[in-house]
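Chain and residue survey
Okay, here's what each chain looks like letter by letter:
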Amino acid sequence: MVRSIGADHVIDYTQKDFAQSEQRYDLIVDMAGTHPLSECRRALTTRGTYVVVGAPSGRWLTGPDRFIKALVLSLFVSQRMVPFITTANKEDLVVLKDLIEAGKVTPVIDRSYGLIEVPEAIRYLEEGHARGKVVITL
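The residue numbering used here restarts from 1 in each chain and proceeds along that chain's sequence as written. Restriction of local features to residues with pLDDT of at least 70 applies here, the model being predicted, together with a cutoff of 80 or more for giving and counting side-chain atom pairs; totals for whole chains, interfaces and linings are based on all residues. Excluded from the side-chain calculations are hydrogens and water; all other atoms, namely the structure's heavy atoms, are used.

When helices and strands are counted, the protein shows four helices and five strands. Secondary structure elements are defined from DSSP: runs of H or I of at least 4 residues count as helices, runs of E of at least 2 residues count as strands, and each element is numbered from the N terminus. Beginning at the N terminus, the succession of helices and strands in the protein can be written as β-α-β-α-β-α-β-α-β. Summarising its shape, the C-alpha atoms of the protein cover approximately 50 × 35 × 30 Å along the three principal directions. In the protein, buried positions account for 22% of the 138 residues. Note on contacts: a residue pair qualifies if any of its non-hydrogen atoms lie within 4.5 Å across the two residues. Considering only intrachain contacts with a sequence separation of at least 6, the fraction spanning at least 24 residues in the protein is 34%. Residue burial considers only the protein chains on display, and all accessible areas are found by Shrake-Rupley using a 1.4 Å probe. Taken as a whole, the protein presents about 10300 Å² of accessible surface, with 58% of it coming from carbon and sulfur. Note that His is not counted, nor are the chain ends; the positive residues are Lys and Arg, and the negative ones are Asp and Glu. Charge coordinates come from a single atom per side chain, which is NZ of Lys, CZ of Arg, CG of Asp or CD of Glu. Averaged over its 17 positive side-chain charges, the protein has a centre that lies 5 Å from the centre of its 17 negative ones. Residue burial is assigned from relative accessible area. The probe radius is 1.4 Å, only protein chains are included, and a residue is buried under 20% of its type maximum, exposed over 50%, and partly exposed in between.

Attention now goes to the layout of surface pockets. A cavity, in this analysis, means grid points on a 1 Å lattice covering only the protein atoms where a 1.4 Å probe fits yet has no way out; a pocket is instead an open set bounded by protein on both sides within 12 Å along at least five of seven lines, and a residue lines either one if it has an atom within 4 Å of a point. Grid points are joined across faces, edges and corners, and a volume is the space filled by probe spheres set on the points. Taken as a whole, the largest pocket holds about 2300 Å³ of empty space. Considering the residues around the largest pocket, the lining is formed by 43 residues, among which Val2, Tyr13, Val29, Met31 and Ala32 are closest to the centre. Looking at the lining of the largest pocket, the elements that each hand over two or more residues are strand 1 (25-30), helix 3 (90-101), helix 4 (118-126) and strand 5 (133-137). Residue composition of the lining of the largest pocket, by class: 25 nonpolar, nine polar and nine charged. Residues are grouped as follows: Ala, Val, Leu, Ile, Met, Phe, Trp, Tyr, Cys and Pro are nonpolar; Asp, Glu, Lys and Arg are charged; all remaining types, including Gly, are polar.

Glancing now at the confidence of the model for the protein. Scored by pLDDT, the protein comes out at a mean of 83, with 91% of its residues at no less than 70. The model gives residues 55-62 a pLDDT under 50, and that stretch makes eight contacts with residues more than four places away or in other chains. pLDDT is a residue-level measure of predictor confidence that goes from 0 to 100.

One speaks of a salt bridge when a side-chain nitrogen belonging to Lys or Arg is within 4 Å of a carboxyl oxygen belonging to Asp or Glu. Taken as a whole and assessed by the stated rule, the structure comprises three salt bridges. For Asp98, the salt bridge goes to Lys97, with nearest N and O atoms at 3.3 Å. Taking the relative accessible area as the measure of exposure, Asp98 reaches 37% and is therefore partly exposed. As a salt-bridge pair, Glu101 and Lys97 come within 3.2 Å of each other at their nearest N and O atoms. Taken together, the residues Glu101 and Lys97, both in helix 3 and four residues apart, mark about one turn of the helix.

Time to look at the nonpolar core. In this text, buried Ala, Val, Leu, Ile, Met, Phe, Trp, Tyr and Cys residues form a nonpolar core when linked through side-chain atoms within 4.5 Å. Core analysis: the largest hydrophobic core is formed by twelve residues, namely Phe18, Ala19, Tyr25, Ile28, Leu37, Cys40, Ala43, Leu44, Tyr50, Val52, Ala70 and Met81. Of all the secondary-structure elements, those providing two or more residues to this core are strand 1, helix 1 (37-43) and strand 2 (44-52). The contacts of Leu37, once residues within four sequence positions are left out, are Tyr50, Arg66, Lys69, Ala70, Leu73 and Met81.

Bringing helix 3 into the picture now. Here a helix's expected span is defined as the number of its residues, less one, multiplied by 1.5 Å. End to end, helix 3 covers 16 Å across twelve residues, agreeing with the expected 16 Å (1.5 Å per residue, within 8%). Where helix 3 terminates, the next one or two residues include Gly103, which has phi positive at roughly 80°.

Below you can see the structure in the form of structure tokens.
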């Protein structure tokens, strides 16, 4: 599925741990925060960039803590450690809508649930294996 949306290199996390591989990466975009920062750094090239996007669920302080660690560490190493922080705004959402309507961006929807099924949808998301967005229909 990831290759179908444009990825050149895909690692199946159920089969291989990217942090334990000999492969080194110029860029790691960490959306899950499931590996310690030290392991992610080892997987980077000397001048690689590590982007912190998320953190493990259930630990609301982990995200800010991971951001701060990455920023401080970035002062002392050759690798770039940067947080990715965004705020939703109308202009960006309009651009995204236009890209989707033009067929330039295709959202990947794993499953759809009705409003009454929200608890089931949340349980599914908490399993951590969704292969796209989970949609709640009204």
